[in-house]
Amino acid sequence: MSQTRTDEKLVEMALAGNNDAFGEIVRRWERKIFALCYGMLGREEDARDAAQETFVSAFRNLNGFRGDAKVSSWLHRIAVNQCLTRLRRQKTRNESPLEFENEDDSSSFFAAAGQLPSGETEQKERIETVRKAVGALPTELKQVVVMKEFEEMTFQEISEILEIPLSTVKSRLYTALKQLKKRLEKTPLEVV
Amino acid sequence: MQNNNHKSDLNCAFGETLVAVLYNEATEAETENFERHLSRCRECSEELAAFGMLRNAVSDWRENEFVPLSLPNIVLPDETQKIEPAVTGKHSLLQSLRAFFTPANFGWQMAAAGFAGFIILGLFFIGSTDLFKPDNEIARAPSPSVNATPEIAVVPEVVPARNQPTVTQNNSSANASNQPEEKSRKVAARINDKIPKHSGIPAARNDNLPKRRIPAPKTERKVEDLSILPVAEADDNSPRLTNLLEEIEPSE
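Residues numbered from 1 in each chain as written. Chains lettered and ligands numbered in written order. Predicted model: local features only at pLDDT ≥ 70, side-chain atom pairs only at ≥ 80, totals over all residues.

### Digging into the overall build of chain A
Of regular secondary structure, chain A possesses nine helices and zero strands. Element order for chain A, N to C, with α for helix and β for strand: α-α-α-α-α-α-α-α-α. Within chain A, buried positions represent 40% of all 192 residues. Considering only residue pairs separated by 6 or more positions, chain A has 72% of its internal contacts joining residues 24 or more positions apart. (Helix = DSSP H or I, 4+ residues; strand = E, 2+ residues; numbered from the N terminus. Buried ≥ 20, exposed ≤ 12 C-beta atoms within 10 Å, placed from the backbone. Contact = placed C-beta atoms within 7 Å.)

Printed below as a string of structure tokens:
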């Protein structure tokens, strides 16, 4: 399949009966959709299931795809909805792995992060703290952080996929980072 | 508006530029302008340093936990592997038949099966009724004939109630020369004779039948002599009351 074909052209080909065309769309976007699901959910297995369901849902609703939106925007919307559905289920079952515990302590995240060198256990602890803090963000802020950090998209790409202005992307990211900073300043970090 | 809320969090006008510089997406002019601002704004300098540490922490998370993961094996379900073409072209007969019997077209199969069942039931219904028989079958159907031998039907005798006019059968007199009817009339008369007639209830009248005198039922009760036994009873060896009395009192 030629790389020069746009996603929209591939969808058109898939609708015309070309079964390989949708496979090409999957190959193009599975890494980014998986990254988005991983950043949103924080668990590998949940992310795999959400990515799988995203592409299956897109394939089943291919006839309902509107040409006025980009395929990438459409896939991201489906993926975010899949993640939100799973997060709601986790919350119902009290299984939220990204629950952020806000406790006051003198040994904050930033204080520990400044100490060098950090051991493996401390690094895991920091990662776990960051994961919980990102998971506690509001959905629209979390989505921008994950798209920037995990999908490694530019502001322009995020703007096009989310169909929001470029300045809105930047302001959301700035707000997200400020909220993360505020949460992590109060987070205790066990230094081994 | 959510966007305005986000913008309200900005402490100074350099928030968006700070993010652009942080992610190396600021233009040269923006970068120079922001560096000049940093020399005057302590808050932005501290924020830039803190955001840098956050980026490193998130990057560590990504590098250590996400990057080593393999890609998910996306498997599309079998029933959706075949996408029906939106624009259908010309198909051969074989392709059309194959398309008809694919599971995706199961609705048409069900409709066709239901229609065929309806047709079969309709044919059964038509075949089971005389209403729709063809004309030649109607012509061959047996019709009543004048010369044909009539079947003898057993007609129960009608016993009219008292003071009601007697039912008469005039057909017999009209066809007096008809032998089977006369025969049946005689049979009916014999049956009539054998049936006892109660007094006061007139029997069915038949003028053509010979008059017969019906003996009146005897009302007097016979007093039977029990001592006289029929001859046939002489050979009866069963014990009798008289014999028993004789055995008990032989001397008398």
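### Focus on the overall build of chain B
Along chain B, the regular secondary structure elements total ten helices and zero strands. Reading the helices (α) and strands (β) of chain B from amino to carboxyl end gives α-α-α-α-α-α-α-α-α-α. Here chain B holds 252 residues, and 8% of them are scored as buried.

### Side note on the interface of chain B and chain A
Opposite the 40 residues of chain B that make contact, chain A presents 46 residues. Broken down by secondary-structure element, the contributors of at least two residues to the side of chain B that touches chain A are α1 (2-8), α2 (15-22) and α4 (42-66) of chain B. Top contributing element to the side of chain B that touches chain A by residue count: α4(B), with 13 residues. In terms of residue class, the side of chain B that touches chain A is made up of 24 nonpolar, eight polar and eight charged. (Nonpolar A, V, L, I, M, F, W, Y, C, P; charged D, E, K, R; others polar.)

### Brief notes about the packing of α2(B) against helix α3 (residues 28-38) of chain B
Residue and element names in this part refer to chain B. Across the interface, α2 lies against α3 with an axial gap of 10 Å and an inter-helix angle of 115°. Taken together, the axis directions place α2 and α3 in an arrangement best described as roughly perpendicular. Where α2 crosses over α3, the two elements pack in a sense that is left-handed. Residue-level contacts link T17, L18, A20 and V21 of α2 to E30, T31 and F34 of α3. Taken together, the residues that form the contact of α2 with α3 break down as four nonpolar, two polar and one charged. (Axes fitted to C-alpha atoms, helices over the stretch in contact; angles between N-to-C directions. Parallel < 35°, antiparallel > 145°, perpendicular 65-115°, else oblique. Left-handed = near helix turned anticlockwise from the far one by under 90°.)

### Considering helix α7 (residues 139-149) of chain A
For α7(A), the buried fraction is high: nine of the eleven residues fall into the buried class. Of all the positions in α7(A), only A:L141, A:K142, A:Q143, A:V144, A:V145, A:V146, A:M147, A:K148 and A:E149 are classed as buried. Where the residues of α7(A) are buried, they touch α2 (19-41), α4 (71-92), α6 (120-135), α8 (155-162) and α9 (166-185) of chain A together with α4 of chain B.

### Things to note about the environment of B:E32
Note on placement: B:E32 falls in helix α3. For the pair B:E32 and B:V21, spaced eleven residues apart in the sequence, the C-alpha separation amounts to 10.0 Å.

### Comments concerning the packing of α9(A) against α2(B)
Look at α9(A) against α2(B): their axes get within 9 Å of each other, and the N-to-C directions meet at 85°. When the interaxial angle is binned, α9(A) and α2(B) end up roughly perpendicular. Between α9(A), through A:S167, A:K170, A:S171, A:L173 and A:Y174, and α2(B), the contact on the second element is made entirely by B:G15, B:E16, B:L18, B:V19 and B:A20. Grouping the constituent residues of the contact of α9(A) with α2(B) by class yields five nonpolar, three polar and two charged.

### Examining the nonpolar core
One finds A:L36 and A:C37 to be the most contacted residues of the largest nonpolar core, which totals 61 residues. Those residues in contact with A:C37 that lie beyond four places of it in its chain are A:A47, A:A50, A:A51, A:A79 and A:C83. (Core = buried A, V, L, I, M, F, W, Y, C linked by C-beta atoms within 7 Å.)

### Some remarks on the confidence of the model for chain B
Detailed reading of the predicted model is not advised wherever pLDDT is low. All names here are of chain B. Residues of chain B with pLDDT of at least 70 account for 38%, and the chain-wide mean is 66. For residues 1-10, every residue scores under 50 in pLDDT, and the model assigns this stretch eleven contacts once sequence neighbours within four places are set aside. This model gives residues 157-177 a pLDDT under 50, and the stretch forms 20 contacts once residues within four places in sequence are excluded. For this predicted complex, the interface confidence score (ipTM) comes to 0.83, while the overall pTM stands at 0.56. (pLDDT = per-residue confidence, 0-100.)

### Some remarks on the confidence of the model for chain A
When pLDDT is averaged along chain A, the result is 84; 83% of the residues meet or exceed 70. Segment residues 100-107 of chain A is flagged for pLDDT under 50; beyond a separation of four residues in sequence, or across chains, it makes 15 contacts in the model.

### With respect to the environment of B:F14
Residue and element names in this part refer to chain B. Position of F14 relative to the elements: it lies in the loop between α1 and α2. Through-space distance from the C-alpha of F14 to that of C44 is 8.1 Å; in sequence the pair is 30 residues apart. Contacts of F14, omitting those with residues within four sequence positions, involve F34, H37 and C44.

### Considering α8(A)
Residues and elements named next belong to chain A. What α8 keeps buried is the set F155, I158, I161 and L162. Burial along α8 is one-sided: seen end-on, the buried residues are contained in an arc of 130°. Packed against the buried residues of α8 are α4, α7 and α9. (Arc of directions from axis to C-beta.)

### Comments concerning unusual backbone geometry
Residue and element names in this part refer to chain A. Within the chain, E152 stands out as a residue other than glycine whose phi angle is a positive 55°. By secondary structure assignment, the location of E152 is in the loop between α7 and α8. Judged by local crowding, E152 falls into the exposed class, with 11 C-beta atoms found within 10 Å. The phi torsion at E163 lies on the positive side, around 55°, for a residue other than glycine.

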